[in-house]
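These are the residues of each chain, in order.
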Amino acid sequence: AGKYAPSSGQPGVAATFEGGGYLSVGNFVGVVVGLLKASGGDLEALFSRFSILSSISGGSWFISQLIYSPSFYDLVTEMAADVNTAAILFNTQYIKPLLTPGNFTTQGEHA
């Protein structure tokens, strides 16, 4: 078995996040929100089912925000808690701030 193979010797289960730029971020948010809603809303439990994560381009943008941005993590879990308001939350807390000129510093932090 390779360095990152599961210790049981059984094949690992992978989650892949393909590219597509900004559109794939929105798509993956929708998929993960739906999976969270269906599985009880625990993001860590959902991803603990996978031994391998792979991503490229917009998929990397999505997964890195999910891993490293507490506000993005909170947004995704809040959207799953109430899917009836998920689109409004995504628009007001993610899209609008991202598209507002001068809303971020040169280091990418929220102004």
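Residues numbered from 1 in each chain as written. Predicted model: local features only at pLDDT ≥ 70, side-chain atom pairs only at ≥ 80, totals over all residues. Heavy atoms only, no water.

### Points about the packing of helix α4 (residues 70-81) against helix α5 (residues 86-99)
Interhelical geometry of α4 versus α5 gives an angle of 160° and a closest axis separation of 9 Å. With respect to each other, α4 and α5 are oriented roughly antiparallel. In terms of crossing hand, the pair formed by α4 and α5 is right-handed. Note on element contacts: α5 touches α4 through Ala86, Leu89, Phe90, Gln93 and Tyr94, opposite Phe72, Leu75, Glu78 and Met79. (Axes fitted to C-alpha atoms, helices over the stretch in contact; angles between N-to-C directions. Helix = DSSP H or I, 4+ residues; strand = E, 2+ residues; numbered from the N terminus. Parallel < 35°, antiparallel > 145°, perpendicular 65-115°, else oblique. Left-handed = near helix turned anticlockwise from the far one by under 90°. Contact = heavy atoms within 4.5 Å.)

### What to know about the pairing of strand β1 (residues 14-17)
Here β1 shows a buried face lined by Ala15 and Phe17 and an unburied face lined by Ala14 and Thr16. Two strands pair when backbone bridges link them, and β1 and strand β2 (residues 52-55) are joined in this way by four bridges, in the parallel orientation. Residue pairing in the sheet places phenylalanine 17 in a bridge with serine 55 of β2. (Buried < 20%, exposed > 50% of the residue type's maximum accessible area, 1.4 Å probe, protein only. Pairing = 2+ DSSP bridges.)

### Examining the side chain of serine 24
Secondary-structure assignment places serine 24 in helix α1 (residues 21-39). Overall, the relative accessible area of 5% leaves serine 24 in the buried class. In this structure, serine 24 is in contact with Glu18, Gly19, Gly58 and Gly59, ignoring residues within four places of it in sequence.

### So, the packing of aromatic side chains
Here the structure, examined in full by the defined rule, presents nine aromatic pairs. Considering the side-chain rings of phenylalanine 28 and phenylalanine 62, the 5.7 Å spacing of their centres and the 40° angle between planes classify their relative orientation as tilted. With a gap of 34 residues between them, phenylalanine 28 in helix α1 and phenylalanine 62 in helix α3 (residues 58-68) connect regions that are remote in the sequence. Considering the side-chain rings of phenylalanine 62 and phenylalanine 72, the 5.9 Å spacing of their centres and the 75° angle between planes classify their relative orientation as edge-to-face. Of this pair, phenylalanine 62 sits in helix α3 while phenylalanine 72 sits in helix α4; the two residues are 10 residues apart in sequence, bridging distant segments of the chain. Accessibility assignment for this pair places phenylalanine 62 and phenylalanine 72 in one class, buried. A network of ring pairs unites the aromatic residues Phe17, Phe28, Phe47, Phe50, Phe62, Phe72, Phe90 and Tyr94 as a single cluster. (Phe/Tyr/Trp six-rings, centres within 6.5 Å; stacked < 30°, edge-to-face > 60°.)

### Overview of the nonpolar core
In this structure, Val29, Val32, Phe47, Phe62, Leu66, Phe72 and Met79 are the most contacted members of the largest nonpolar core, which totals 24 residues. Mapped onto this core, the elements with two or more residues apiece are β1, α1, α2 (43-47), α3, α4 and α5. In terms of residues, this core owes the most to one element, α1, which gives six residues. If we skip the residues at most four places from it in the chain, phenylalanine 62 touches Phe17, Val25, Phe28, Val29, Val32 and Phe72. (Core = buried A, V, L, I, M, F, W, Y, C linked by side-chain atoms within 4.5 Å.)

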